[in-house]
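# A structural walkthrough
The primary structure of each chain is shown beneath.
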Amino acid sequence: MAIFRGLGNRSDRPLGTGWQMVVSEAGQFASPSDIPAAQTRIAASVPGTVAQALEAAGRFDRTSPVPLDHRDFWYLLDLPGESPGPARLVLEGLATVCEIFLNGGRIAESRSQFVTHDLAVTLTGSDRLAIAFRAMTPHLKASGPRAKWRPQMITPPGMRMVRATLLGHMPGWCPDIHAIGPWRPVHLIREGGIEVDDLRVNAALSAEGEGLLDLSFRFSGRAGDLRILCGDASAPVTIAPEGRLHAALTLATVTPWWPHTHGRPRLYPLSLVVDGRQLPLGRVGFRTIGLDRGPDGRGFGITVNGAPVFCRGAVWTSADIARLPGGRADYEPWLRLARDAGMNMIRIGGTMAYETRDFFDLCDELGIMVWQDFMFANFDYPAADPDFASLVRREAEDLLSSLQGSPSLTVLCGGSEIHQQAAMMGLPAQAWSGPLTEEILPSVHEAFRPDVVYVPNTPYGGAMPFSPNAGITHYYGVGAYCRPLDDARRARVRFSAESLAFAQVPEQATLDEYLPVAPVHHPAWKARVPRDRGASWDFEDIRDHYLQDLYGLDPARLRREDPSRYLDLSRAATVEVTETTYAEWRRPGSTCRGALVWTLQDLLPGPGWGVIDSTGLPKPVWHGLRRAFRPVQLLMSDEGTNGLFLHAINETDATLPMTIEVSALRDGMRPVVSGRRELLLKPGGEASLAATDIFGAFFDTTYAFRFGPPAHDVTVARLMAGENEIASAFHFPRGHREAIHAATIVAEAAEDADGPFLVLSSDRLAQSVNLSVPGYLPDDNWFHLAPSVQKTVRLAPFGQKPERPGGEIRHLGASTATYF
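Since the structure is predicted, the reported quantities are computational estimates derived from the model, not experimental observations. (Residues numbered from 1 in each chain as written. Predicted model: local features only at pLDDT ≥ 70, side-chain atom pairs only at ≥ 80, totals over all residues. Heavy atoms only, no water.)

## Some thoughts on the packing of helix α13 (residues 563-586) against helix α14 (residues 620-628)
Note the cut-off: Throughout, an axis means a line fitted to C-alpha atoms (over the contacting stretch in the case of helices), and angles, computed between N-to-C directions, take values from 0 to 180 degrees. Counting from the N terminus, the helices are DSSP H or I runs at least four residues long and the strands are E runs at least two residues long. Orientation labels follow simple angle bins: below 35 degrees gives roughly parallel, above 145 gives roughly antiparallel, 65 to 115 gives roughly perpendicular, and whatever is left gives oblique. By convention the crossing between two helices is left-handed if the near helix lies anticlockwise of the far one by an angle smaller than a right angle, and right-handed if it lies clockwise. What makes two residues a contact is simply this: any of their non-hydrogen atoms within 4.5 Å. Ten residues, namely Ala, Val, Leu, Ile, Met, Phe, Trp, Tyr, Cys and Pro, are considered nonpolar, four, namely Asp, Glu, Lys and Arg, are considered charged, and the remaining ones, Gly among them, are considered polar.
Axis separation between α13 and α14 bottoms out at 8 Å; the angle between their running directions is 20°. Taken together, α13 and α14 sit at an angle that is classed as roughly parallel. Our pair here, α13 against α14, has a crossing hand that is right-handed. When α13 is examined against α14, the residues R571, T574, V575, T578, E579, Y582 and R586 are found in contact with a partner set consisting of P620, V621, G624, L625, R627 and A628. A class-by-class count of the residues in the contact of α13 with α14 yields 6 nonpolar, 3 polar and 4 charged.

## Description of the pattern of salt bridges
The cut-off we apply is this: A carboxyl oxygen of Asp or Glu within 4 Å of a side-chain nitrogen of Lys or Arg is what we treat as a salt bridge. Three exposure classes are used, based on accessible area relative to the maximum for each residue type with a 1.4 Å probe and protein chains only: buried under 20%, partly exposed in between, and exposed over 50%.
This structure, assessed with the given rule, holds 59 salt bridges. Close ionic contact of R718 with E725 constitutes a salt bridge, the shortest N to O distance being 2.7 Å. Taking relative accessible area as the criterion, R718 reaches 17% and is therefore assigned buried. Connected via shared salt-bridge partners are D72, E99, R106, E109, R111 and R134.

## Observations regarding unusual backbone geometry
The amide bond that connects A95 to the next residue, T96, takes the cis arrangement and shows omega of 0°. For T96, the position within the fold is in the loop between β6 (85-91) and β7 (98-102). T599 follows W598 through a cis peptide bond whose omega is 5°. With respect to the helices and strands, T599 occurs in the loop between β30 (594-597) and α14. Its identity is not glycine, yet Y703 carries a phi of approximately 55°, on the positive side. The phi dihedral of W782 falls on the positive side, at around 55°, and the residue is not glycine. Here W782 is to be found in the loop between β41 (776-778) and β42 (783-785).

## Section: helix α11 (residues 539-551)
To keep it simple, the criterion reads: One less than the number of residues in a helix, times 1.5 Å, gives the span that helix is expected to have. N or O atoms closer than or at 3.5 Å make up a polar contact, with two conditions inside protein: a donor-capable atom paired with an acceptor-capable one, and, for residues adjacent in sequence, both atoms drawn from side chains.
Between its first and last C-alpha atoms α11 spans 18 Å; for 13 residues at 1.5 Å apiece the expected length is 18 Å, and the two agree. On the buried face of α11, the contacting elements are α10 (523-526), α12 (555-561), α13 and β40 (766-772). Two or three places before E540, at the start of α11, stands the capping residue D538, its side-chain oxygen 3.0 Å from that residue's backbone nitrogen.

## With respect to helix α4 (residues 357-366)
Turning to α4, its buried residues number three or more, namely F359, F360, L362, C363, D364 and L366. If you follow the buried residues of α4, they end up packed against β23 (311-316), α3 (328-340), β24 (345-348), β25 (369-373) and β26 (409-413).

## Let's talk about the sheet that holds strand β35 (residues 686-690)
Stated precisely, the cut-off is as follows: Note: two strands are recorded as paired if DSSP finds a minimum of 2 bridges between them.
Spatial ordering of the open sheet is given by β31-β32-β35, a layout of 3 strands whose pairing is antiparallel. Only two strands of the sheet have a single neighbouring strand rather than two, namely β31 (632-638) and β35. Strand-to-strand twist of the sheet, defined as the mean angle between neighbouring strand axes without regard to direction, takes the value 15°. In this sheet, β35 lies alongside strand β32 (residues 644-650) in antiparallel orientation, the contact comprising 5 bridges. The residue bridging F645 from the neighbouring strand is A690, located in β35.

## Points about the environment of Q52
Relative to the helices and strands, Q52 resides in helix α1 (residues 50-56). Spatially, the C-alpha atom of Q52 lies 32 Å from that of P802, the residues being 750 residues apart in sequence. Apart from residues lying up to four places away in sequence, Q52 is in contact with S45, P47, A322 and R323.

## Looking at the state of the cysteines
We count it as follows: The disulfide criterion is simple: two cysteine sulfur atoms within 2.5 Å.
Per the counting criterion, the structure on display carries 0 disulfides. C413 forms no disulfide, and the closest cysteine sulfur to it belongs to C311, at a distance of 14 Å.

## Considerations on empty space enclosed by the protein
The condition is simple: Lining residues are those with an atom within 4 Å of a point, where the points come from a 1 Å grid over the protein atoms alone and group into cavities, where a 1.4 Å probe fits but cannot get out, or pockets, open sets with protein on both sides within 12 Å along at least five of seven lines. Grid points are joined across faces, edges and corners, and a volume is the space filled by probe spheres set on the points.
Counted according to the given criterion, the structure contains 5 cavities of 30 Å³ or more. Of the volumes computed, that of the largest cavity is approximately 80 Å³. If you go around the largest cavity, the residues you meet are D69, T96, Q113, M136, M159, A164, T165, L167, H169, H178, A179 and I180. Across the lining of the largest cavity, the residue classes break down as 6 nonpolar, 5 polar and 1 charged.

## Side note on the sheet that holds strand β33 (residues 656-666)
With antiparallel pairing, the 4 strands of this open sheet are ordered in space as β34-β33-β36-β37. Of all strands in the sheet, those bounded by a partner on one side alone are β34 (670-681) and β37 (724-731). For this sheet, the mean inter-axis angle between neighbouring strands, taken without regard to orientation, is 15°. Here β33 runs beside β34; their pairing, made up of 11 bridges, is antiparallel. Bridging from a neighbouring strand, L665 pairs with P671 of β34.

## Quick word on the side chain of T96
On the basis of relative accessible area, T96 is assigned to the buried category, the value being 3%. Excluding anything up to four places from it in sequence, T96 contacts S110, R111, S112, Q113, F133, M136, R163, A164 and A179.

Printed below as a string of C-alpha cells:
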C-alpha cells in the first residue's frame with residue numbers, strides 16, 4: 001500500500017530502533033504482561049527478522065541454521081514522549097502469524113507476510129507496542145481442503161495454507177532459514193496535513209509519441225487549488241463521480257522509457273501541487289508494453305514501444321537470505337551488476353518474496369524490466385475458500401498499489417510451476433488451473449496495472465505446460481536433463497522464464513576465504529551444491545556432464561588427480577554452455593524471444609546456482625553472460641553441410657557501419673583461410689552471412705564433409721567498428737579439447753584517466769583466459785584470446801583495492817600463470 005504524506009503538520013515516525021526481542025516456547029506467553037521482567041531480551045531492528053537479530057547476538061549461524069518455526073518471538077518497543085491522542089500504526093509486512101498489542105491489549109492479528117496493516121490507535125503518552133510472532137509449526141500441521149496434488153520440493157505440505165515465502169522451506173534449494181519477524185517497516189503517523197492514498201497511475205505512450213498520463217487518488221487535507229505536475233506540463237485535478245480525484249495530462253513531446261539494451265530509461269518526476277506547493281509522488285516513464293504471439297500464435301515475445309525486445313537476465317533470489325532486506329542500498333549492488341552484465345529483465349519468482357518499491361525504482365533507473373510472479377508455486381492452493389481468496393486479493397492489491405507508475409514492471413504472472421506440477425502428476429488439463437490464476441489475480445491486474453502483460457502461470461501455453469515449443473517454458477534440456485547443446489535449437493524454445501541451472505563454481509578468492517575445503521566430496525562443499533529433493537543427482541553432476549562433453553575428460557578422475565584444474569574446467573564449462581546456448585537463441589531465425597538464467601545470486605558462498613556469489617563477486621559465468629547479452633553482437637552457428645554462418649545483431653537505435661573479419665586457424669595460430677566483409681547494421685537490424693561468402697570460396701569450416709583430416713581447429717570472427725573490436729565469436733570444429741594450446745600470453749599494465757587496464761596478447765589461441773586481480777573487477781574475464789590481437793581489459797575497483805593492481809593470468813592450456 002502506497003501512502004504519500006507531507007505539506008502540513010502530519011508526523012510520520014519510522015519505528016526502527018529501540019526494539020527488544022524475547023524468545024519463548026510456543027504459547028508460553030499469552031500477552032506481553034505475561035513476560036517476566038527478568039526474561040532475556042535481545043536487541044532487534046525493524047525492518048528485520050528473527051534470524052537477523054539472533055545472528056547479531058551470536059545465537060544463529062546461517063550456514064548451519066536451526067529451526068525457528070516452533071517458537072514464539074516477541075518484539076517489544078516503548079514509545080516515550082508521544083503526545084496523547086489519536087494516531088495510526090502502519091505495519092508494512094509481518095512474517096507471518098502474529099498478534100499486535102498496544103499497552104497490553106490486542107489490537108490486531110495477521111495471517112499473511114504479504115499484507116500491510118493500517119491501524120487506528122489512541123496513545124496515552126506512555127505506551128508500549130508488542131508484536132507476538134507465533135510458532136508456525138501448529139499452523140503448518142492444520143488440515144485444510146484436500147489437495148489434488150502434493151509437490152515434493154516444498155516442506156511441509158502445510159505451506160500451501162499460509163501466506164508466507166517459501167524461502168527456507170525448499171530443501172536442497174536454499175538454507176533452511178525461516179522468515180519470521182517484522183521484515184518491512186513500521187510507522188507511527190499523527191494526523192494533520194496532506195495525504196494522498198490509493199493512487200492509480202497509468203503512464204502510456206501514444207502512437208504519435210505523446211506521453212499520456214492518467215491519475216486517480218483519494219485525498220485528505222485542506223486545499224484550494226490542486227494540480228498535477230509532470231515534467232514541465234500540468235493539469236487541474238477534478239472530482240470523479242465516485243468521489244475519487246482525477247487528473248489527465250498529455251505531454252506533447254516525451255522521450256520514451258526503454259530497457260537499457262535498446263535505449264534510454266527516461267523518467268519524469270510526478271508531483272501533486274497543493275496551493276502552489278509540491279508533494280512528490282515519485283517518477284514515471286512513458287512506454288507501451290505489448291505481447292507478440294508470433295505468426296503461428298504460439299510464441300511469447302515482449303514488445304516495448306512497438307519494438308521486439310529479446311529479454312535476457314536472471315531470476316532474483318534475495319539480497320540477504322537471513323535479513324530479507326528491502327532498502328535501496330541492499331538492492332543496488334546486485335541490480336547494477338545485473339545491468340552491467342547486459343541483463344534487461346529480472347524475474348522475481350513465486351518461490352521467493354515480494355520486494356519493495358525501492359527495487360522497482362532502481363530497475364526504473366537502470367532500464368531493467370521486471371517479471372513479477374505472485375508468490376504462489378507448485379501447490380494446489382485453497383482458492384475456493386473465501387477467507388483465503390480474500391487474503392490473496394488483499395495481498396495482490398497491496399503489491400500493485402505500491403508499484404503504480406513504475407515503467408520497469410513488464411509481466412505479472414500468477415505463480416510458478418502450478419500447472420506444471422499438476423501436469424507432471426498426470427492430472428488432466430482442467431485440473432491445472434483454477435480461480436486463483438484465472439479469476440482473482442487477473443481481476444487485480446486489470447484494476448491496478450492493466451498496462452502490463454498478465455500470464456496465469458509459468459511455464460504455460462504448450463500441449464504440456466512445460467513444452468518448450470509454445471508459450472513460456474522452464475527450459476532445462478541443456479542443463480538438468482543433460483541434452484546435447486543442439487537441443488537448444490531442436491526444442492524450438494519460445495520464451496524461457498528460467499533456464500541453464502548449474503552448480504556455478506565461484507572465483508577461487510571466494511572459495512579460499514569462505515569455503516576452504518576440498519571440492520566436491522567434503523560435506524561442507526556438498527551442502528552448498530543445489531539439488532532437487534528426491535533426485536539421485538545434483539547440479540554438480542550436471543556441470544560434470546558438460547565438462548566431459550566439452551573437454552573429453554573424466555571429471556571424477558580429474559578432481560582426484562588435479563582438483564585445481566578440475567575447478568577451472570568446471571568454471572569454463574558453464575561459461576561455454578551458457579554462451580553457446582544464448583548464441584542459438586539470439587541468432588536470426590530463432591524462435592526464441594527471451595530466456596532468463598536460474599539464478600542471479602547465491603544465498604551462501606559456494607557452488608550455488610547464482611551467477612554472482614553471495615559476497616557480491618561475479619562468478620565466471622557472469623562474464624560469459626555479459627558477452628552473450630551484448631546489444632551489438634556477433635554470433636556463429638554451425639549449420640552442418642550448409643557451412644558456418646555469422647550473424648550480426650544491432651539492438652541500438654543507431655545505424656552502425658561495421659566490418660566482419662573471419663579466420664580459420666591451424667594449431668590455433670596459422671591462418672588457413674580468411675576474409676572480411678563491410679556491412680551497415682540498421683537500427684534494430686541484423687545480418688546473416690555464410691563464411692564461404694566472406695572467404696570467396698568453399699572451405700569446410702564446420703568439418704562436415706570430412707574430405708581428409710581437418711585443416712583447422714578454430715574459426716575466429718570479429719565484429720569491428722574501425723579499429724575497435726565490438727564483439728568476437730569462436731567455433732571449434734573438432735571440439736574445445738583439440739584447440740587447447742600452450743599459448744604464451746604477454747600482459748602490459750597501464751593507466752589512463754579512466755583507470756588501470758591491461759593490454760593482453762598471445763602467440764596462439766588461448767582458451768578461457770582468466771584474470772585474478774585482488775581488489776579489482778576486470779571488464780572481461782574467462783574469454784578466448786585470439787593470436788595477433790591486442791585485447792584491452794579494464795580494471796574497476798571492487799572491494800578493498802590495493803594501491804596498484806597486480807595479479808595473475810591463466811588459461812586452459814597454461815601449466816603456469818603469467819604474473820603482472
